[in-house]
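Listed below are the residues making up each chain.
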Amino acid sequence: MNENGYQSWLKKHPSALETFDEMIVRAKGKKIVVFLDYDGTLSNIVPNPDEAFMSKKMRRVVSEVARCFPTAIISGRSRDKVVYGFVKLDDIYYAGSHGLDIAAPFQCQNRPVHKNGEEVVRFQPAQIYQPLIYKILDVLKEETNDIKGVMLENNKFCVSVHFRHVSDKDFPVLEEVVKSLVDDLGEFRLSQGKKVFEIRPDIEWDKGHALEYLLETLGYGSSNDVLPIYIGDDRTDEDAFKAIKKRGKGYSIVVSTSPKDTMASYSLRSPSDVKKFLSRLVTWKNNSDPS
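Analysis parameters
Residues numbered from 1 in each chain as written. Predicted model: local features only at pLDDT ≥ 70, side-chain atom pairs only at ≥ 80, totals over all residues. Heavy atoms only, no water. Phe/Tyr/Trp six-rings, centres within 6.5 Å; stacked < 30°, edge-to-face > 60°. Helix = DSSP H or I, 4+ residues; strand = E, 2+ residues; numbered from the N terminus. Buried < 20%, exposed > 50% of the residue type's maximum accessible area, 1.4 Å probe, protein only. Axes fitted to C-alpha atoms, helices over the stretch in contact; angles between N-to-C directions. Parallel < 35°, antiparallel > 145°, perpendicular 65-115°, else oblique. Contact = heavy atoms within 4.5 Å. Expected span 1.5 Å × (residues − 1). Arc of directions from axis to C-beta. Pairing = 2+ DSSP bridges. Core = buried A, V, L, I, M, F, W, Y, C linked by side-chain atoms within 4.5 Å.

Asks: What is the right way to read the packing of aromatic side chains from this model?
Replies: Each aromatic ring pair is characterised by the separation of its centres together with the angle its planes make. For the coordinates displayed, the defined rule picks out 13 aromatic pairs. Centre to centre, the rings of tyrosine 38 and phenylalanine 86 are 5.1 Å apart; their planes meet at 15°, and the pair counts as stacked. Of this pair, tyrosine 38 sits in the loop between β1 (31-36) and α3 (56-68) while phenylalanine 86 sits in helix α4 (residues 79-87); the two residues are 48 residues apart in sequence, bridging distant segments of the chain. With centroids separated by 6.2 Å and ring planes inclined at 70°, the aromatic side chains of tryptophan 205 and tyrosine 213 adopt a geometry described as edge-to-face. For tryptophan 205, a relative accessible area of 14% gives the class buried. Each member of the aromatic cluster is reached from another via a ring pair, and the members are Tyr38, Phe53 and Phe86.

Rendered as structure tokens:
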């Protein structure tokens, strides 16, 4: 990485740690709502996506944040995997499949529940596409069987095709398989993240829409006093950054160790910096509101 290039980029996207005091001055009197991506934000990017575990310290900090502010995790992973496999916290809103599968905290007094006490999902705008998701997985399993290193992940309302371990020689073959399948189906869109293809329903819904939906659910949809903070590292998080920019209020923070095109206003270098930022946010809240 060119350090000079990074320093130049930082002038446009300053560190949220270095500018924290300035940011928090503008946050006084506002109702802060915290939105977090998972992979690359709360956990490090790892070779095996099934092993992207967050540290105990990060979990503790996120739990403290959730006690201070309404908090949501918006991930491309399936909601169940994020909740039960990685985060394991009850007091958070979860939006899986890039916001296509949203549920409230388990202890939320207003959450819908079955008569047996089990949670009811708040919002699943892509429910009708689930049979096609299974079809996509079946086709990909067959057509990528001979491509070494491919890992398919069923994220309920989207399919992730991980190619971190696919050779440069085989990548064009995989890319053609995935693009052809999406083109043939006609009802899905294809995006590319960090060493992963994402196949999801081609509907007007993304992480930005999920952010707006959750703010509306919390009663802050048209509030002038709300200040959303969104932290994420991937291309799909740009939709949430765009939503915050459109609102004209809030902080969008990209996690990156190198310069990149982004709509985020601020930056952090790593999940470790994310933990520091969230810790400072909790400390500020506790000091400003000791009760």
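Resuming the write-up.
Asks: Can you help me understand the packing of helix α7 (residues 207-217) against helix α8 (residues 238-247) in this one?
Replies: Relative orientation and spacing of two packed helices are given, respectively, by the angle between their axes and the distance between those axes. As a packed pair, α7 and α8 sit with axes 6 Å apart at the nearest point and diverge in direction by 55°. The orientation of α7 with respect to α8, classified from their angle, is oblique. Between α7, through Lys207, Gly208, Leu211, Glu212 and Leu215, and α8, the contact on the second element is made entirely by Asp239, Ala240, Ala243, Ile244 and Arg247.

Asks: Would you mind showing me how to read helix α5 (residues 130-143) here?
Replies: Since the α-helix packs 3.6 residues into each turn, any two residues three or four apart lie on the same face. Over its 14 residues, α5 extends 20 Å from the first C-alpha to the last, a length consistent with the 20 Å expected when each residue adds 1.5 Å. Those residues of α5 lying buried are Gln130, Ile133, Ile136, Leu137 and Leu140. Angular distribution of buried residues about the axis of α5 spans 100°; they occupy a single face of the element. Away from the buried face of α5 by more than 90 degrees, exposed residues Pro131 and Glu142 are located. Here the buried face of α5 lies against β5 (151-154), β6 (159-162), α6 (171-185), β7 (188-193) and β8 (196-201).

Asks: Would you mind going over the sheet that holds β1 with me for this structure?
Replies: Sheet strands pair via backbone hydrogen bonds, and the direction of the pair is either parallel or antiparallel. Reading across from one edge, β4-β3-β2-β1-β9-β10-β11 is the order of the 7 strands in this open sheet, with mixed pairing throughout. Every other strand in the sheet has two partners, leaving β4 (101-103) and β11 (266-268) as the edge strands with one partner each. Shown here is a sheet whose adjacent strand axes are inclined to one another by a mean of 20°, direction ignored. Summarising the sheet, β1 and strand β9 (residues 226-232) pair through 6 bridges and their orientation is parallel. Residue pairing for β9: phenylalanine 35 is matched across the bridge by tyrosine 230.

Asks: Would you mind going over the sheet that holds β5 with me for this structure?
Replies: On the basis of which strands lie adjacent, the open sheet formed by 4 strands has the order β5-β6-β8-β7 and antiparallel pairing. Because the sheet does not close on itself, it has two edges, and the strands there are β5 and β7. Direction aside, neighbouring strands of the sheet carry axes that sit 20° apart on average. Of the pairings in the sheet, the one linking β6 to β8 comprises 4 bridges and is antiparallel in character. By the bridge assignment, histidine 162 is partnered in β8 with valine 196.

Asks: Would you explain the nonpolar core in this entry?
Replies: For soluble globular proteins, the rule of thumb is that nonpolar side chains tend to be buried together. Grouped together as the largest cluster of nonpolar side chains are 47 residues, with contacts concentrated most on Phe35, Leu140 and Ile199. With 6 residues, the single largest contributor to this core is α6. Among residues more than four places away in sequence, those in contact with leucine 140 are Asn145, Leu152, Val159, Val161, Val177, Val178, Leu181 and Ile199. Residues Tyr38, Ile73, Ile92 and Tyr94 belong to the second largest nonpolar core, which totals 42 residues.

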